[in-house]
Amino acid sequence: MGGWNTDGDKLNKYAGTNLDRSACPVNDESKCGWGDWAVWGGVGVPINEKLKWNLQLAYTDSKIFAATTNVKWNPVKNLLIEPEVSYTNFDSVNQDQWAGILRFERSF
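## Looking at the overall build of the protein
Point 1. A tally of regular secondary structure across the protein gives zero helices and six strands.
Point 2. When the helices and strands of the protein are read in sequence order from the N terminus, they spell out β-β-β-β-β-β.
Point 3. Within the protein, the fraction of its 108 residues that count as buried is 26%.

Structure representation (structure tokens):
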């Protein structure tokens, strides 16, 4: 998929990080917003009936690269275990961010 920001480099409430300032590693939001364009995509690959691998990638005009991957594992009926890791590289400020989560979901 792709997107084009019709306001150019001006951040607005629909594009950029002005809604969540904690996502920007520096005080200059112009280095964290997605600029004029962004592209992103993902894939889900079933490994077997209990295991699925997912990957999402994104890149922006402002040289931000983001990747997230997870594994959805259903070891038994109605139980999901999902480890996930995310990486973001803000090239304009030469900074990286890592995040991770481990999700347990039980359905009754």
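## With respect to the pairing of strand E4 (residues 64–73)
Point 1. Both strand E3 (residues 51–60) and E4 contribute to a ladder of nine bridges, which runs antiparallel. Residue pairing in the sheet places Ala-58 in a bridge with Ala-66 of E4.
Point 2. Adjacent in sequence and paired antiparallel, E3 and E4 are bridged by three residues, among which Lys-63 carries a positive phi angle near 60 degrees.
Point 3. Hairpin connection of E4 to strand E5 (residues 79–90): five residues between the antiparallel strands, including Asn-78 at a positive phi of 70 degrees.

## Some details on the packing of aromatic side chains
Point 1. By the definition in use, this model includes three aromatic pairs.
Point 2. Ring centres 4.7 Å apart and planes at 45 degrees place the aromatic pair Tyr-87 and Trp-98 in the tilted group. One end of the pair, Tyr-87, is in strand E5; the other, Trp-98, is in strand E6 (residues 95–106), with 11 residues separating them in the sequence.
Point 3. An aromatic cluster of three or more residues is present, and its members are Phe-65, Tyr-87 and Trp-98.

Criteria and thresholds
Residues numbered from 1 in each chain as written. Predicted model: local features only at pLDDT ≥ 70, side-chain atom pairs only at ≥ 80, totals over all residues. Heavy atoms only, no water. Helix = DSSP H or I, 4+ residues; strand = E, 2+ residues; numbered from the N terminus. Buried < 20%, exposed > 50% of the residue type's maximum accessible area, 1.4 Å probe, protein only. Pairing = 2+ DSSP bridges. Phe/Tyr/Trp six-rings, centres within 6.5 Å; stacked < 30°, edge-to-face > 60°.

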